[in-house]
Amino acid sequence: MNRLRAWFLAPSWAVMLALFLAPLAIILAYSFLTRGTYGGISLPWTRESYQRLADPIYLAILWRSFWIAGVSTVFCLLLGFPLALFISRSGKRKDLYLSLVMLPFWTSFLVRTYAWMFLLRDTGLINTLLQKLGLIHSPLPLLYNDGAVILGLVYGYLPFMVLPVYATLERLDRNLLEASADLGARPWATLTHVMVPLCAPGIRAGTILVFIPCLGAYLTPDLLGGGKSVMIGNLIQNQFTTARDWPFGSAVSLALMAVVMLLLAVFVRRGEEGLL
Amino acid sequence: MKRPGVSLSIYALGAFLFLHLPLLILAAFSFNASRFTVWEGFSLRWYAGALQDSQLIEASWNSLIIAIFATVVSTIIGTLCAYGLWKRSSPVLTGSLYLSLVTPEIVTGISLLAFYQWIFRFLHVQLGMHTVILAHISFSIAYVVIVVMARLRTVDAQLEEAALDLGANEWQAFRYVTLPAILPGVIAAALLAFTVSFDDYVITSLVAGVDSETLPMVIYAIARRGVNPVVNAISAMIVVGFGALILISERLRTT
């Protein structure tokens with residue numbers, strides 16, 4: 001059996017080694033090299049790229065990315081929890097509602113981001129409608145700011161919060177909620193003291209599933225934030241294209257990967273991987 | 001069983017509108033006769049425009065070819081992998097598959113770009129369709145493994161043992177007992193891999209060559225210049241096409 005099993009796993013090992021782990025090893029090496037005169041890389045080995053991460057300009061971009069990803073995650077939780085609660089109480093229509101949550105998620109991310117450009121821009125639907133109604137005289141600056149980026153991220157990753165929270169709500173022992181009510185707790189107290197603590201695994205999984213892609217977002221800040229809203233993803237892309245500083249771009253990428261892995265290590269408990 | 005209250009139901013309605021209205025509005029305005037965001041009557045001119053645009057047609061073909069190649073290869077490799085992992089776990093392989101799933105796309109993209117450029121020092125090849133296809137295979141495999149694994153958990157392992165006892169070899173046990181049982185999951189995984197591949201912009205744009213511009217790359221280029229009703233028309237077609245694929249995929253996963 002063991003020989004055959006090795007053959008089943010061999011192709012995926014080959015692909016993961018050649019096209020995922022080796023590329024990561026390459027940028028690990030690049031991050032310790034010097035920027036070449038015409039882009040690319042050259043010797044000597046140095047830690048300079050990592051030291052540059054401490055530069056206030058780049059620290060500001062890192063801080064900003066954390067802030068935008070954090071705010072987006074909080075909004076996803078606040079919007080997603082009641083939705084998950086609604087779905088878990090919907091009896092036979094659960095599957096339909098879950099599909100309704102997932103459907104936009106699986107339609108093109110690019111198209112969904114473009115849809116918000118269509119709605120938010122100066123001559124977009126919202127501004128046009130408000131002007132027709134006479135509520136405003138000049139268009140509101142809805143697009144190309146942090147708010148638009150957060151909106152785009154919340155819209156994009158809300159399903160990642162709803163699904164794991166729903167999964168824990170499904171497994172919740174309803175007798176506990178009734179017991180809480182029988183003992184005189186108001187609905188709000190039952191929610192905050194019983195339901196939310198019992199759903200902690202789902203909330204943790206949802207938080208991590210939303211926060212990680214938001215932190216590494218590239219397309220959303222690029223299209224909805226305009227040039228103004230630079231996040232880590234845009235910084236990395238810029239180093240590999242316009243700035244042509246591959247060692248620094250590699251160092252930023254690895255710093256981002258380190259944060260992602262740290263978050264996974266802290267937030268994901270043993271036995272809860274299934275929720276991811 | 002507790003039913004959702006009125007306020008929770010109203011909230012849910014609002015949430016579903018938030019999720020679906022932007023795409024519905026986008027699709028509705030693809031039928032607008034006017035170039036501007038003012039309704040001037042029904043028209044198919046943007047669809048006609050999209051279908052006559054040679055750059056869009058070529059990019060769509062590229063996307064289709066890439067997605068088909070990536071889907072076929074990643075579905076085969078991913079299914080074999082899920083089956084192998086079902087028999088006995090391999091924490092290192094599983095770990096790297098999960099890691100590939102949570103790695104930000106921009107990092108996957110630039111690491112592949114750096115890797116390709118390094119390889120090209122020794123081989124006389126350039127970025128093109130092949131580099132895009134290889135990239136897509138690598139990021140699709142994890143999706144396939146997860147979907148097929150979920151299906152395998154519903155399969156009774158004793159069926160294979162029975163087949164082995166009755167004289168089948170290991171390959172025959174896989175081919176004639178387990179594979180038919182997980183086939184709906186495999187097809188669902190393939191549809192998922194196809195949509196993930198067809199939709200990708202970030203990784204593709206970094207590893208594509210001059211001859212391999214894909215549909216998302218064209219849409220992105222137009223979107224950067226501002227809003228264009230032709231993009232609304234393409235978007236509507238993509239949303240409907242993807243929606244159908246995903247609904248089929250969901251059906252297959254749950255039956």
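Residues numbered from 1 in each chain as written. Chains lettered and ligands numbered in written order. Predicted model: local features only at pLDDT ≥ 70, side-chain atom pairs only at ≥ 80, totals over all residues.

Q: Which residues make up the overall build of chain A, and what values do they have?
A: Looking only at helices and strands, chain A features 13 helices and 2 strands. In chain A, buried positions account for 43% of the 276 residues. The long-range share in chain A, meaning contacts at least 24 apart out of those at least 6 apart in sequence, stands at 71%. (Helix = DSSP H or I, 4+ residues; strand = E, 2+ residues; numbered from the N terminus. Buried ≥ 20, exposed ≤ 12 C-beta atoms within 10 Å, placed from the backbone. Contact = placed C-beta atoms within 7 Å.)

Q: Account for the overall build of chain B, with residues named and values stated.
A: A count of helical and extended segments in chain B gives 11 helices and 0 strands. Going from N to C terminus, chain B has its helices and strands arranged as α-α-α-α-α-α-α-α-α-α-α. For chain B, the spread of C-alpha atoms along the principal axes amounts to about 70 × 65 × 30 Å. Burial status across chain B gives 45% buried among its 255 residues. In chain B, the share of contacts with a sequence separation of at least 24, taken over all contacts with a separation of at least 6, comes to 80%.

Q: Run through the nonpolar core, naming residues and quoting values.
A: Judged by nonpolar contacts, the single largest core of 153 residues is most densely connected at Met117 of chain A together with Ala189 of chain B. Residue contributions to this core peak at 15 residues, all from helix α7 (residues 146-171) of chain A. In this view, methionine 117 of chain A contacts Leu143, Leu223 and Leu224 of chain A together with Ala223 and Val227 of chain B; residues no more than four positions away in its chain are not counted. (Core = buried A, V, L, I, M, F, W, Y, C linked by C-beta atoms within 7 Å.)

Q: Requested: an account of the interface of chain B and chain A, with residues and values cited.
A: If you look at the interface, chain B gives 69 residues, while chain A gives 70 residues. Looking at the side of chain B that touches chain A, the elements that each hand over two or more residues are α1 (6-29), α3 (54-87), α4 (91-102), α5 (105-119), α6 (129-152), α8 (170-199), α10 (215-225) and α11 (229-254) of chain B. The element that contributes the greatest number of residues to the side of chain B that touches chain A is α1 of chain B, accounting for 12 residues. For the side of chain B that touches chain A, the class distribution of residues is 47 nonpolar, 14 polar and 8 charged. (Nonpolar A, V, L, I, M, F, W, Y, C, P; charged D, E, K, R; others polar.)

Q: So what's going on with the packing of α4 of chain B against α6 of chain B? Residues and values would help.
A: All names here are of chain B. In the contact formed by α4 and α6, the axes pass within 9 Å of each other and the chain directions differ by 115°. When the axes of α4 and α6 are compared, the crossing they make is left-handed. Across the interface between the two elements, Leu97, Ser100 and Leu101 of α4 pack against Phe139, Ile141, Ala142 and Val145 of α6. (Axes fitted to C-alpha atoms, helices over the stretch in contact; angles between N-to-C directions. Left-handed = near helix turned anticlockwise from the far one by under 90°.)

Q: Residue-level account of the packing of α3 of chain B against α10 of chain B, with values.
A: All names here are of chain B. Where α3 contacts α10, the axes come no closer than 7 Å and their chain directions differ by 140°. It follows from the interaxial angle that α3 and α10 lie oblique. Contacts between α3 and α10 pair Gln55, Leu56, Ala59, Ser60 and Ser63 from the former with Leu215, Met217 and Val218 from the latter. Here the residues of the contact of α3 with α10 sort into 5 nonpolar, 3 polar and no charged. (Parallel < 35°, antiparallel > 145°, perpendicular 65-115°, else oblique.)

Q: Can you explain unusual backbone geometry? Please cite residues and give values.
A: Within the chain, tyrosine 144 of chain A stands out as a residue other than glycine whose phi angle is a positive 65°. Inspection of the secondary structure puts tyrosine 144 of chain A in the loop between α6 (125-132) and α7.

Distances and angles like these do not, on their own, reveal function.
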